[in-house]
Amino acid sequence: MKQRTYLICIALVAAGLILALGFGLTTANMIVPVVAVVAGVAILALCRRNVTEVTEDELSTILHGKAALSALEVTIIVAAIGFAVLMTFSFGEGGCTSGIKTYDNGSIRLFYGIPDYHYESSCFIPDPAHLTFDDLHAIETMFAEGHRIRDTTRAFGAALGMVTVLLAVLYGAFLWYYNRKYGGA
């Protein structure tokens, strides 16, 4: 395998990890990203073993080291600021809002919102005296989604995902910078 093919392999694995993380966060299923990371590491290990060209020399090792150190320094600062911001918002004083709007034909619309998180939802109940399973499911989903917004697990997972993506982008940016500065390949 050539070096260029290996780089394409890295890009595809990175894209797959981003998709898996997005899917895991939106479905609140963290097993998918964990499996994707393990599979990605295994795929990259197999791809790296098959590279036949020289991939590293002394200069590229120095450049990778400088890029990694710079990315780590910036990521730590950004993660600390992100942590402070997340903790500030997670202990907010805001509550929730709810309401009922009645219509002349006897139907109602339930409202539920969490202003601090910009979450608002509603569900329409055509006949409140004869609730169906779909009506109950709509009410439950509306309240469950509102409460899920506050889950620290989701906020922490999103923060970890952002830090991971940020680390990869910063590493690439610093590697490009040092390659240009020191004339690497």
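Bear in mind that the values here come from a model prediction, so they are computed numbers and not experimental data.

The secondary structure content of the protein chain amounts to five helices and three strands. Listing every helix and strand of the protein chain by position from the N terminus yields α-α-α-β-β-β-α-α. Here the protein chain holds 185 residues, and 19% of them are scored as buried. In the form shown here, the protein chain has an accessible surface area of approximately 12,900 Å², with 69% of it arising from carbon and sulfur atoms.

When the pLDDT values of the protein chain are averaged, the result is 81; 84% of them are 70 or greater. Mean pLDDT values over the elements of the protein chain span from 75, in helix α5 (residues 152–182), up to 91, in helix α2 (residues 31–49).

Before going further, it helps to examine a nonpolar patch on the surface. Taken together, the side chains of Leu-17, Val-37 and Val-41 define a hydrophobic patch exposed on the protein surface, amounting to about 230 Å² of accessible area. By secondary structure assignment, the location of Val-41 is in helix α2. Exposure remark for Val-41: the relative accessible area of 54% places this residue in the exposed category.

Tallying each qualifying case throughout the model produces four aromatic pairs. Through pairs of rings, three or more aromatic residues link up here, namely Tyr-177, Tyr-178 and Tyr-182.

Let us look at the pairing of strand β1 (residues 97–102). Burial within β1 is sparse, with just zero of its six residues counted as buried. Bridge count between β1 and strand β2 (residues 108–114): six bridges; the pairing is antiparallel. Among the inter-strand pairings, Thr-102 is bridged to a residue of β2, identified as Ile-108. Counting the residues that bridge the hairpin from β1 to β2 gives five residues, and of these Gly-106 lies at a positive phi of roughly 95°.

A separate point is helix α1 (residues 3–27). Compared with an ideal rise of 1.5 Å per residue, which puts 25 residues at 36 Å, α1 spans 36 Å between its outermost C-alpha atoms and is within 8% of the ideal. Listed in full, the buried residues belonging to α1 are Tyr-6, Cys-9, Val-13, Ala-20 and Gly-24. Buried residues in α1 make contact with α2. Ala-28 occupies a position one or two residues after α1 and carries a positive phi of about 55°.

Considering the arrangement of structural elements, one finds Ser-107 in the loop between β1 and β2. The exposure class assigned to Ser-107 is buried, which follows from its relative accessible area of 1%. For Ser-107, the side chain forms a polar contact with the side chain of Asn-105, separated by 2.6 Å. When near neighbours in sequence (up to four residues on either side) are disregarded, Ser-107 contacts Lys-101, Thr-102, Phe-124, Ile-125, Pro-126 and Pro-128.

Our focus in this paragraph is the sheet that holds β1. As summarised here, the arrangement of the three strands in space is β1-β2-β3, forming an open sheet in which the pairing is antiparallel. Of all strands in the sheet, those bounded by a partner on one side alone are β1 and β3 (119–125). Taking the axes of each pair of neighbouring strands and ignoring which way they run, one obtains an average angle of 15° across the sheet. Along the sheet, helix α4 (residues 133–148) contacts β2 and β3; its crossing angle with β3, the most-contacted strand, is approximately 175°.

Before going further, it helps to spend a moment on the pairing of β2. Counting buried positions over the seven residues of β2 gives five, a clear majority of the element. In the sheet, β2 pairs with β3 via seven bridges, with the strands oriented antiparallel. Bridged to Tyr-112 within β3 is Ser-121.

An ideal rise of 1.5 Å per residue puts 22 Å on 16 residues; α4 measures up with 22 Å between its terminal C-alpha atoms. Among the residues of α4, Asp-135, Ile-139, Met-142 and Gly-146 are the ones counted as buried. Projected onto a plane normal to the axis of α4, the buried residues spread over an arc of 60° and lie on a single side. Those residues of α4 that are exposed and aimed more than 90 degrees away from the buried face are Phe-133 and Asp-134. Those residues of α4 that are buried lie in contact with β2 and β3.

About the criteria used
Residues numbered from 1 in each chain as written. Predicted model: local features only at pLDDT ≥ 70, side-chain atom pairs only at ≥ 80, totals over all residues. Heavy atoms only, no water. Helix = DSSP H or I, 4+ residues; strand = E, 2+ residues; numbered from the N terminus. Buried < 20%, exposed > 50% of the residue type's maximum accessible area, 1.4 Å probe, protein only. Areas by Shrake-Rupley, 256 points an atom, 1.4 Å probe, with all protein chains shown as cover. pLDDT = per-residue confidence, 0-100. Patch = residues over 30% accessible without salt bridge, like charges linked within 9 Å, V, L, I, M, F, W, Y side chains within 5 Å. Salt bridge = Lys/Arg side-chain N within 4 Å of Asp/Glu carboxyl O. Phe/Tyr/Trp six-rings, centres within 6.5 Å; stacked < 30°, edge-to-face > 60°. Pairing = 2+ DSSP bridges. Expected span 1.5 Å × (residues − 1). Contact = heavy atoms within 4.5 Å. Polar contact = N/O pair within 3.5 Å; in protein donor to acceptor, adjacent residues only side chain to side chain. Axes fitted to C-alpha atoms, helices over the stretch in contact; angles between N-to-C directions. Arc of directions from axis to C-beta.

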